[in-house]
Amino acid sequence: MQFASAHCGHQASCHTLGRKLSQLDISVPSRPAAARVNRSCRALADGAAVHAAAVAERPRVDLVPKPVTSVLQDLTRFHGLPSLSSTNEFHEAERCFTTLLGAQNLDVQLRTDKDLQQAAQTLEEAVSTAAASAFSSATGDHKNAKAAHTFLQRILYRINRLCFFWYDDLRNYSNERSLYLAQLRDSIEEPWQQWELSHFDVESYKSKTVEQLKDMVRQQAAHDVDPPLSEAASYIKNEMSKEGYRHLLAVGSVDGLVEASRQSRVCGGAPNEIMCAIFRVLMEEYGTGRFNKKHSTFFATMMRELELNEEPEFYFDLVPWQSLASINHNFLLTERRRHYLRYAGGLTFFEVNGPSVYRSYLAAAQRVGLSDAAAGYWELHIKEDERHGRQMVEDVAVPLIEQYGAEDGWEVVFGYDQEKMMGARAGAALVIDLKDVDSKQSTPAMSMV
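Worth saying up front: this structure is predicted, and the values here are computed from it rather than measured.

### Quick look at the side chain of Thr348
Part 1 of the argument: Checked against the element boundaries, Thr348 lands in helix α16 (residues 340–367).
Part 2 of the argument: Looking at Thr348, the relative accessible area reads 0%, which means it is buried.
Part 3 of the argument: A polar contact of 2.8 Å, which involves the side chain of Thr348, links it to the backbone oxygen of Ala344.
Part 4 of the argument: In this structure, Thr348 is in contact with Met392, Val393, Ala397 and Tyr416, ignoring residues within four places of it in sequence.

Printed below as a string of structure tokens:
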């Protein structure tokens, strides 16, 4: 699939969004209203400095089973963010998104509130511009594309995270079923997913027989359980500094502190051996229901040992777009039953390949002289994921291929390969940031507050 079709899909999705918004009886104000909404979007910026000072005074607390909060629920924070691009275009658009997200009963207010309507128009125009830039090349590496990808994936993540419960103010969920947010999500997701598909020869998967598909997943798993060190893994294992390790944990915490939450979304439905096999993996990730044994608790312990802030999503701004894309892709697959086979294939790769990745992380922690507590999460995962990988291949991937046959079973192998590609892309981007941190040997972002 070439980019041309992806770009056409993007234009179509934007037109569809416009039509759907008109069905919501939302009138679009004239452009002079832009000045009002920009002032409105900036209005909370003055409070950002006050909030930052308050955060700096927060005491460090021990890890105990308690309700958690997330800095992403502090909407004032996003009105003081540094620019995401040299033109400040996406920065302004994200502030407008924050204004929309914080509006109670957004869909209702959009029908009459002129400032919110103008904020929506500003945001939609930025999404259209960003999509055209992000998906105009195969790699998305040029400067403008990087800013565009970052903006789009941040918006997607902030919508997708409403699928989780964060033990916070219930009013934060008033827009979780907003038609506007759903349409906004689709306007980003559709062209992005077409762009992701263009990296693969999808038709080649469809031509395989059941036996070929089963052989493919088994052979790939046999290789990926202990592959040759990649350039990224080699750097982490042999060269990364302690500051680099702290940065690694900070970026990983956005997913690590809510580990396996998306996997829980696929464990319901008709009972069978496949579902139970996936649940067994989830059960161990969740410490069989014991908070002190939950894998995210071990991750938080590592962060405490390195004096990192354990607040969920605290280091969101450090996460490269490639990692956010992997997270958002996972949200998509777990929230759409139609993509169940692709998700199962992706989870198979993740569990199979995990131990080889974690060995590099563990070696890095030991090389820079960190304590067992500062690296215990990796050791735990190496032991458990070796078993999880075998279970996912023989108890999930292969049975799904057998059940759905060649007509649909190919999606398991495709999901496996797509997760592998996106994970490698995210890893390469992370190493670029790690090298930058290592060259500076310190970064203010690594403080506890």
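### Things to note about the packing of helix α12 (residues 242–256) against helix α14 (residues 295–305)
Part 1 of the argument: One way to put it is that α12 packs onto α14 with a least axis distance of 10 Å and a crossing angle of 150 degrees. Between α12 and α14, the interaxial angle falls into the category roughly antiparallel. Where α12 crosses over α14, the two elements pack in a sense that is left-handed. The residues of α14 that touch α12, namely those facing Tyr245, Leu249, Gly252, Ser253 and Gly256, are Ser296, Phe299, Met302 and Met303.
Part 2 of the argument: Among the residues forming the contact of α12 with α14, the class breakdown is five nonpolar, four polar and no charged.

### Observations concerning helix α7 (residues 143–160)
Part 1 of the argument: The end-to-end C-alpha distance of α7 is 26 Å, a good match for the 26 Å that 18 residues give at a rise of 1.5 Å each.
Part 2 of the argument: With 15 of its 18 residues buried, α7 lies for the most part within the structure.

### Looking at the nonpolar core
Part 1 of the argument: One finds Tyr157, Met240, Tyr245, Leu249, Phe299, Trp378 and Leu434 to be the most contacted residues of the largest nonpolar core, which totals 44 residues.
Part 2 of the argument: At the level of secondary structure, the elements contributing two or more residues to this core comprise α11 (231–238), α12, α14, α15 (321–335), α16 and α17 (376–440).
Part 3 of the argument: When residues no more than four places from it in sequence are discounted, the contact partners of Tyr245 are Met240, Met302, Leu306, Tyr361, Ala365, Leu370, Ala374, Ala375 and Trp378.
Part 4 of the argument: Listed in part, the 36 residues of the second largest apolar core include Leu123, Ala131, Tyr180 and Trp195.

### Quick word on the pattern of salt bridges
Part 1 of the argument: Under the defined criterion, the tally for this structure stands at 22 salt bridges.
Part 2 of the argument: Between Glu394 and Arg218 there is a salt bridge, with its nearest N and O atoms 3.0 Å apart. You can see Glu394 sitting in helix α17 and its partner Arg218 sitting in helix α10 (residues 210–224), a full 176 residues away along the chain.
Part 3 of the argument: Residue class for Glu394 comes out partly exposed when judged on its relative accessible area of 37%.
Part 4 of the argument: Via salt bridges that share partners, Glu94, Arg154, Arg158 and Asp317 belong to a single interconnected network.

### Re the packing of aromatic side chains
Part 1 of the argument: In the structure shown here, the tally under the stated rule is 21 aromatic pairs.
Part 2 of the argument: With 5.1 Å between their ring centres and 85 degrees between their planes, Phe299 and Tyr377 make a pair best called edge-to-face. Here Tyr377 lies in helix α17 and Phe299 lies in helix α14, a separation of 78 residues in the sequence. Across the pair, exposure class does not vary: Phe299 and Tyr377 are buried alike.
Part 3 of the argument: Ring centres of Tyr361 and Trp378 lie 4.8 Å apart, and the angle between their planes is 65 degrees; this geometry places the pair in the edge-to-face category. Placement of Tyr361 in helix α16 and of Trp378 in helix α17 is noted, with a sequence separation of 17 residues between them.
Part 4 of the argument: Residue classification places Trp378 among the buried positions, given a relative accessible area of 4%.
Part 5 of the argument: Chaining the aromatic ring pairs together yields one cluster made of Tyr157, Phe164, Trp166, Phe316 and Phe331.
Part 6 of the argument: The ring of Trp166 is capped by Arg161, whose NZ or CZ atom sits 4.5 Å from the centre of that ring.
Part 7 of the argument: For Arg262, the ring lying beneath its charged end belongs to Phe331, and the centroid distance is 5.1 Å.

### Overview of the environment of Val258
Part 1 of the argument: Within the fold, Val258 resides in the loop between α12 and α13 (273–285).
Part 2 of the argument: Among the residues examined, Val258 registers a relative accessible area of 14% and is labelled buried.
Part 3 of the argument: Spatially, the C-alpha atoms of Val258 and Ser296 are 6.3 Å apart, while their sequence positions differ by 38 residues.
Part 4 of the argument: Val258 has contacts with Phe164 and Trp166, leaving out every residue within four places of it along the chain.

Scoring rules and cut-offs
Residues numbered from 1 in each chain as written. Predicted model: local features only at pLDDT ≥ 70, side-chain atom pairs only at ≥ 80, totals over all residues. Heavy atoms only, no water. Helix = DSSP H or I, 4+ residues; strand = E, 2+ residues; numbered from the N terminus. Buried < 20%, exposed > 50% of the residue type's maximum accessible area, 1.4 Å probe, protein only. Polar contact = N/O pair within 3.5 Å; in protein donor to acceptor, adjacent residues only side chain to side chain. Contact = heavy atoms within 4.5 Å. Axes fitted to C-alpha atoms, helices over the stretch in contact; angles between N-to-C directions. Parallel < 35°, antiparallel > 145°, perpendicular 65-115°, else oblique. Left-handed = near helix turned anticlockwise from the far one by under 90°. Nonpolar A, V, L, I, M, F, W, Y, C, P; charged D, E, K, R; others polar. Expected span 1.5 Å × (residues − 1). Core = buried A, V, L, I, M, F, W, Y, C linked by side-chain atoms within 4.5 Å. Salt bridge = Lys/Arg side-chain N within 4 Å of Asp/Glu carboxyl O. Phe/Tyr/Trp six-rings, centres within 6.5 Å; stacked < 30°, edge-to-face > 60°. Lys NZ or Arg CZ within 6 Å of the ring centre and 35° of its normal.

Function-wise, these values are silent; they only describe arrangement.
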